[in-house]
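Survey of secondary and tertiary structure
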Amino acid sequence: MKPLDALGELLDNQVLVRLKNGIEVRGVLKAFDIHINLVLDDAEFDDGDVEKKFKTLFLRGDMILFVS
Amino acid sequence: MKPLDALGELLDNQVLVRLKNGIEVRGVLKAFDIHINLVLDDAEFDDGDVEKKFKTLFLRGDMILFVS
Amino acid sequence: MKPLDALGELLDNQVLVRLKNGIEVRGVLKAFDIHINLVLDDAEFDDGDVEKKFKTLFLRGDMILFVS
Amino acid sequence: MKPLDALGELLDNQVLVRLKNGIEVRGVLKAFDIHINLVLDDAEFDDGDVEKKFKTLFLRGDMILFVS
Amino acid sequence: MKPLDALGELLDNQVLVRLKNGIEVRGVLKAFDIHINLVLDDAEFDDGDVEKKFKTLFLRGDMILFVS
Amino acid sequence: MKPLDALGELLDNQVLVRLKNGIEVRGVLKAFDIHINLVLDDAEFDDGDVEKKFKTLFLRGDMILFVS
Amino acid sequence: MKPLDALGELLDNQVLVRLKNGIEVRGVLKAFDIHINLVLDDAEFDDGDVEKKFKTLFLRGDMILFVS
């Protein structure tokens, strides 16, 4: 198994994404690529005090620390 | 679906772009590439106190955190 | 021997991963690639005060300092 | 249209370039490449207190945030 | 001679590795690659107050400042 | 014209190089490559209080902000 | 002439290397590559208060600001 296979198994599932700056994003994983660019549906972006919601969110891969 | 396809679906739509430094930019997505370089029309750049407006804005991809 | 061979010998073993920001993650190494992207099972993420547990954790390679 | 096409349309026009550190540079766009390296003629570099002027300025692309 | 040849001559020898953040690691160099990923055996990781020991340590190359 | 052509026109001329950390270097441009690595002859490196002089200076391209 | 040719002319000569964090290293240049990885013999590493000496030092290129 390669690491990207683990992302493949998470497709259409609710995931937690932690960014390098500590911000956490939750949503349904709809797409990923080798740069770890992600698309999340029904995403919740926890920006400290405020939680923002997005129907579809494209996240650039180079700011991602982990996906679970 | 790949993540860039999600950007493709946003073409000619109003998008919100958040930069890695927290700055938010809004505008109509006119173009993107694999580096996530973006072109926004009628862009509003929220620079803390002041909001600046640009008819056409070329944004370098490596400063982008998300697009929605 | 190449460095990635050493990671190969750690597959299915309990490993300690230290991130560049000092955070430590423990878990069973299930996958890795040439970018040092890792997949850990039964991962414990030591985020200062709180220790978070994840059944499966995808860690982006460019934040990793060492694996042991 | 690709993002670099938008830069192409700006050739020989007065542009505003904002760097990642907030510094703004104005000038006539004379050249660009895929790294977003730029050449500006009659460039004004707004370095906080002092504004410096350059007949021709080569700007390395990786410090650029946007061009408009 | 190329720089990597100098690393090759250090194989199976005790080396000192200094990371970009100033941390020093000592151990026996067992493997390296073109990214300067290293494997050290019997590694001592000097983390400020505490010195940690590892039987085998995989160090990601992009945090390394020098090897001697 | 491409941006590197502009550097080519500066060969054997006195140039001002500004680094990303604000340090300025002056000298005669003798060589450059696609990484914007530069060689300056009779270089003056303005390191805050002290100005240092070098007969020949090899500057790594990734620290360069602009050349003029 | 290309910039790396200038490094080639410095082989077997005493050089001064300045790192991006301001640290200076002196030694005899024995090897370099396109990443500007360097090998210095009889290297003196000026770490603020203390000057450390190394018979052979492998320096990773991406921390180097200049060589002279």
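Scoring rules and cut-offs
Residues numbered from 1 in each chain as written. Chains lettered and ligands numbered in written order. Predicted model: local features only at pLDDT ≥ 70, side-chain atom pairs only at ≥ 80, totals over all residues. Heavy atoms only, no water. Helix = DSSP H or I, 4+ residues; strand = E, 2+ residues; numbered from the N terminus. Rg over C-alpha atoms; globule rule 2.2 N^0.38 Å. Contact = heavy atoms within 4.5 Å. Lys, Arg positive; Asp, Glu negative; His and termini not counted. Charge placed at Lys NZ, Arg CZ, Asp CG, Glu CD. Buried < 20%, exposed > 50% of the residue type's maximum accessible area, 1.4 Å probe, protein only. Polar contact = N/O pair within 3.5 Å; in protein donor to acceptor, adjacent residues only side chain to side chain. Least-squares fit on C-alpha atoms with pLDDT ≥ 70 in both. Buried area = accessible area lost by both parts, 1.4 Å probe. Salt bridge = Lys/Arg side-chain N within 4 Å of Asp/Glu carboxyl O. Core = buried A, V, L, I, M, F, W, Y, C linked by side-chain atoms within 4.5 Å. Pairing = 2+ DSSP bridges.

Concerning the overall build of chain A
Across its full length, chain A holds one helix and five strands. Taken from the N to the C terminus, the helices and strands of chain A come in the order α-β-β-β-β-β. Here the C-alpha radius of gyration of chain A, 11 Å, is about what a compact globule of 68 residues would show, namely 11 Å. Considering only C-alpha atoms, chain A reaches an extent of 40 × 20 × 15 Å along its principal axes. Expressed as a percentage of contacts within chain A between residues at least 6 apart in sequence, the contacts between residues at least 24 apart total 33%. Of the side-chain charges in chain A, 9 are positive and 13 negative, and the distance between the mean point of each set is 3 Å.

Focus on the environment of Lys30 of chain A
Residues and elements named next belong to chain A. Within the secondary structure, Lys30 is located in strand S2 (residues 24–32). Take Lys30: its relative accessible area is 30%, and that puts it in the partly exposed class. Here the side chain of Lys30 touches Asp12 through a polar contact of 2.6 Å, side chain to side chain.

As for unusual backbone geometry
Even without being glycine, Asp42 of chain D reaches a positive phi, approximately 50°. In this fold, Asp42 of chain D is placed in strand S3 (residues 38–47).

Brief notes about the relation of the copies chain B and chain A
Its rotation angle being 51°, the transformation that places chain B on chain A also includes 0.0 Å of axial translation and leaves an RMSD of 0.0 Å. In this assembly, only 5% of the residues forming the interface of chain B have copies in chain A that are likewise at the interface, indicating a heterologous arrangement.

Side note on the interface of chain C and chain A
In this assembly, 19 residues from chain C lie in contact with 19 residues from chain A. Interface area, chain C with chain A, both sides summed: about 1600 Å², of which 64% is carbon and sulfur. The largest per-residue losses of area from chain C upon contact with chain A belong to Phe58, Arg60 and Met63 of chain C, which jointly make up 39% of the total buried on that side. Linking chain C with chain A are two salt bridges, by the criterion used here. For Asp62 of chain C, the salt bridge goes to Lys20 of chain A, with nearest N and O atoms at 2.6 Å. For the pair chain C and chain A, the number of links is eight residue pairs in polar contact (both at pLDDT 80 or more). It is strand S4 (residues 50–59) of chain C that provides the largest number of residues to the side of chain C that touches chain A, a total of six residues.

Here's the deal with the interface of chain B and chain A
Between chain B and chain A, the contact holds 19 residues from the first and 19 residues from the second. Roughly 1600 Å² of surface becomes buried between chain B and chain A when both sides are summed, with 64% attributable to carbon and sulfur atoms. Counting the surface chain B buries against chain A, the share from its top three residues, Pro3, Leu65 and Phe66 of chain B, is 35%. Where chain B meets chain A, there are two salt bridges. Counting the contacts that link chain B with chain A gives eight residue pairs in polar contact (both at pLDDT 80 or more). Counting residues per element, the ones that place at least two in the side of chain B that touches chain A are helix H1 (3–9), strand S1 (14–19) and strand S5 (64–67) of chain B.

Comments concerning the nonpolar core
Membership of the largest hydrophobic core comes to 27 residues, with the highest contact counts inside it found for Val17, Leu19, Val25, Leu38, Leu59 and Val67 of chain A. Those elements that place two or more of their residues in this core are helix H1 (3–9), strand S1 (14–19), S2, strand S3 (38–47), strand S4 (50–59) and strand S5 (64–67) of chain A together with S5 of chain B. Per element, the largest residue contribution to this core is four residues, and it comes from S3 of chain A. Those residues in contact with Val25 of chain A that lie beyond four places of it in its chain are Val15, Leu16, Val17, Leu19, Leu40, Ala43, Glu44, Phe45, Leu57 and Leu59 of chain A.

Focus: the pairing of strand S5 (residues 64–67) of chain C
Note: strand S1 (residues 14–19) of chain C against S5 of chain C, three bridges, orientation antiparallel. Bridging across to S5 of chain C, Arg18 of chain C finds its partner in Phe66 of chain C. Here two bridges tie S5 of chain C to strand S4 (residues 50–59) of chain E, and the two strands are oriented antiparallel to one another. Residue pairing in the sheet places Val67 of chain C in a bridge with Phe58 of chain E of S4 of chain E.

Keep in mind these numbers describe shape, not what the thing actually does.
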